[in-house]
Amino acid sequence: AQSVTQLGSHVSVSEGALVLLRCNYSSSVPPYLFWYVQYPNQGLQLLLKYTTGATLVKGINGFEAEFKKSETSFHLTKPSAHMSDAAEYFCAVSDLGGGSNYKLTFGKGTLLTVNP
Amino acid sequence: DAMVIQNPRYQVTQFGKPVTLSCSQTLNHNVMYWYQQKSSQAPKLLFHYYDKDFNNEADTPDNFQSRRPNTSFCFLDIRSPGLGDAAMYLCATSSRDSLLAQHFGDGTRLSIL
C-alpha cells in the first residue's frame, strides 16, 4: 500500500525567500508522484508530476520537484516566494498496482504562508 | 477550455433532506471521482467510476450514492444528510492519457442546517 508523508503542516516564508515543501512516499512499485495546490474555496490544481524519465520536474508558477528514489522523496521547491503562492499544497502518489489502480493517495497537506 | 465543472458551487440543505451534487467534464476522461474534503484536511475518496464500473471505498457510508449516466456527467446523492456531512465535495477526472493526473473541479461547498 502506498503512503505519503508531508513534513510540516504549516510552512511560513518571507516574500522572495526559497520555498521548500517536503514530501516522502512509500510505494511497493515505481510511483507516479504529483504536487497539487489548493487556493481557498477552490479545487486542486496540478502543479507538476513525475512519471518516468528526468527526475527533476518543472511545473507551473516557477515550482519544481526532484524525484529521489534512494530517499523516497519528492520535495517541492521554488527559488523565490511570491505572495500569490500562499495556499495549501498536497503531495500525492499513484501506482498502477495490479491492474487499473487509478487512485491517488494524498498527504495531509502543507499550508504555505508568505509574509511581506 | 476543457474542464471539470461542478454545480452548484454552494449548496445549503436541511438535516435529513436529500441533496444531489453534479459534475460534468469536457475532457472525455473515462475515470471520474468524488471526494469529500473537510476543513484543513486532505481530500477523502468516496468512490470512483472507471467507465461504467462503480468502485466504492470501503469506508464510504451507505448514505452516499453516485450515478454516472454517461461519460460526461456524474452525480453525488446524499440520501439523508447529517451535520457531519457538511464539507467541500470535489469531483475529479483522469485517464491513462493524462498519466493518471487527476483534474479537479472547483468543488461544491455543502452546508447542513
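Residues numbered from 1 in each chain as written. Chains lettered and ligands numbered in written order. Predicted model: local features only at pLDDT ≥ 70, side-chain atom pairs only at ≥ 80, totals over all residues. Heavy atoms only, no water.

### Regarding the side chain of Thr-108 of chain B
Looking at where Thr-108 of chain B falls in the secondary structure, it is placed in strand 11 (residues 108–112). There is a polar contact of 2.4 Å between the side chain of Thr-108 of chain B and the backbone oxygen of Pro-8 of chain B. (Helix = DSSP H or I, 4+ residues; strand = E, 2+ residues; numbered from the N terminus. Polar contact = N/O pair within 3.5 Å; in protein donor to acceptor, adjacent residues only side chain to side chain.)

### A few points about the pairing of strand 4 (residues 32–38) of chain A
Residues and elements named next belong to chain A. Within strand 4, seven of the seven residues are buried, which leaves it mostly tucked inside the rest of the structure. Along strand 4, one buried face is formed by Tyr-32, Phe-34, Tyr-36 and Gln-38 and the opposite face, lined by Leu-33, Trp-35 and Val-37, is buried too. Where strand 4 meets strand 5 (residues 44–50), six bridges bridge the pair, whose relative direction is antiparallel. The residue of strand 5 that forms the bridge with Trp-35 is Leu-48. Taking the residues between adjacent antiparallel strands as the criterion, strand 4 and strand 5 are bridged by five residues, where Asn-41 takes a positive phi near 60°. (Buried < 20%, exposed > 50% of the residue type's maximum accessible area, 1.4 Å probe, protein only. Pairing = 2+ DSSP bridges.)

### Focus: the environment of Gln-41 of chain B
Note that Gln-41 of chain B resides in the loop between strand 4 (31–37) and strand 5 (44–50). Along the primary structure Gln-41 of chain B and Pro-18 of chain B are separated by 23 residues, whereas in three dimensions their C-alpha atoms are 25 Å apart.

### So, the state of the cysteines
Throughout the structure, instances matching the rule amount to two disulfides over all chains. Bridging Cys-23 of chain A to Cys-91 of chain A, the disulfide has an S-S length of 2.0 Å. Around the S-S axis, the bridge from Cys-23 of chain A to Cys-91 of chain A shows a dihedral of about -65° and counts as left-handed. One end of the pair, Cys-23 of chain A, is in strand 3 (residues 19–26); the other, Cys-91 of chain A, is in strand 9 (residues 87–94), with 68 residues separating them in the sequence. Its relative accessible area of 0% is what places Cys-91 of chain A among the buried residues. You can see Cys-74 of chain B has no disulfide; the closest cysteine sulfur is in Cys-91 of chain B, sitting 6.0 Å from it. For Cys-74 of chain B, a relative accessible area of 0% corresponds to the buried category. (Disulfide = S-S within 2.5 Å.)

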